[in-house]
Amino acid sequence: MLSLWALFLSAFGAATLLPLQSEAVLVGLLLRDPDAWLTLLLVATLGNVLGSIVNWLLGRAIEHLRERRWFPFSAAQLQRAQQRYQRWGQWSLLLSWMPVIGDPLTLIAGIMREPFWRFLLLVTVAKGGRYMVLALITLGWFNGQ
């Protein structure tokens, strides 16, 4: 049970602006207990999606937080991200699984007032898909093991 909490917290933190990685935790747990792959996949996806929801909520409130010293993005970075989001729209959320650009995309989706239901659907597909591919690779399902 403790390992599931560790996975959840690492996945949650990795989806926020914290510099955490959940992939190593997931792989370690998959190697330790391959039969628990579905539970591990669901816990990692849930944590990561909930972390992205935090970003979306921060994006909704960004106008009040933008000038804070601790705010992690410059005005220029936010403007570039908004321009990219306007160009690709909601479909850019399918890239929310990617390192470096994924977390800011979920924040920008909040700034751009992306409807929550569509945000949740696209981010869940993207992040769940990433963990699924990682699990399949780890368990050797692509090489016939």
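Presented here is a report on the structure given in the accompanying data block. Please read these numbers as outputs of a predicted model, since none were measured by experiment. (Residues numbered from 1 in each chain as written. Predicted model: local features only at pLDDT ≥ 70, side-chain atom pairs only at ≥ 80, totals over all residues. Heavy atoms only, no water.)

Brief notes about a nonpolar patch on the surface
A cluster of nonpolar side chains, Trp 91, Leu 94, Trp 117, Leu 121 and Val 125, forms an exposed patch at the surface whose accessible area comes to about 580 Å². With respect to the helices and strands, Trp 91 occurs in the loop between α5 (75-88) and α6 (102-111). (Patch = residues over 30% accessible without salt bridge, like charges linked within 9 Å, V, L, I, M, F, W, Y side chains within 5 Å. Areas by Shrake-Rupley, 256 points an atom, 1.4 Å probe, with all protein chains shown as cover. Salt bridge = Lys/Arg side-chain N within 4 Å of Asp/Glu carboxyl O. Helix = DSSP H or I, 4+ residues; strand = E, 2+ residues; numbered from the N terminus.)

Description of the nonpolar core
Phe 71, Leu 78, Leu 93 and Phe 119 are the most contacted members of the largest nonpolar core, which has 19 residues in total. Considering every element that reaches this core, the biggest residue donor is α6, with 5 residues. Contact partners of Leu 78, with chain neighbours within four places excluded, come to Arg 66, Phe 71, Phe 73, Leu 107, Ile 108 and Ile 111. Leu 40, Leu 41, Ala 44 and Leu 139 belong to the second largest nonpolar core, which has 15 residues in total. (Core = buried A, V, L, I, M, F, W, Y, C linked by side-chain atoms within 4.5 Å. Buried < 20%, exposed > 50% of the residue type's maximum accessible area, 1.4 Å probe, protein only. Contact = heavy atoms within 4.5 Å.)

Points about the pattern of salt bridges
Counted according to the given criterion, the structure contains 2 salt bridges. Salt-bridge contacts for Arg 130 lead to Glu 23; the nearest nitrogen and oxygen are separated by 3.2 Å. On the criterion of sequence distance, the pair formed by Arg 130 in helix α7 (residues 116-138) and Glu 23 in helix α2 (residues 23-32) is long-range, its members being 107 residues apart. A salt bridge links Arg 118 to Glu 114; the shortest N-O distance between them is 2.5 Å. Of the residues examined, Arg 118 reaches a relative accessible area of 24% and is grouped as partly exposed. Given a relative accessible area of 6%, Glu 114 falls into the buried group.

A closer look at α2
Residues of α2 that are buried include every one of Leu 26, Leu 29 and Leu 30, and no others. All buried residues of α2 lie within an arc of 105° about the axis, which places them on one face of the element. For α2, the exposed residues set more than 90 degrees away from the buried face come down to Ala 24, Leu 31 and Arg 32. Contact partners of the buried residues in α2: α1 (2-15), α3 (37-60) and α7. (Arc of directions from axis to C-beta.)

Points about the packing of aromatic side chains
Inspection of every chain in the model, using the stated rule, returns 6 aromatic pairs. When the centroid spacing of 5.3 Å and the interplanar angle of 75° are considered together, the rings of Trp 37 and Trp 141 count as edge-to-face. With Trp 37 in helix α3 and Trp 141 in the segment after α7, this pair connects stretches of sequence that are 104 residues apart. What makes Trp 141 partly exposed here is its relative accessible area of 42%. Cluster of aromatic residues (ring-pair linked, three or more members): Trp 5, Phe 8 and Phe 12. We note Arg 130 situated over the ring of Tyr 131; from NZ or CZ to the ring centre the distance is 4.2 Å. (Phe/Tyr/Trp six-rings, centres within 6.5 Å; stacked < 30°, edge-to-face > 60°. Lys NZ or Arg CZ within 6 Å of the ring centre and 35° of its normal.)

Bear in mind that shape data such as this cannot, by itself, settle questions of function.
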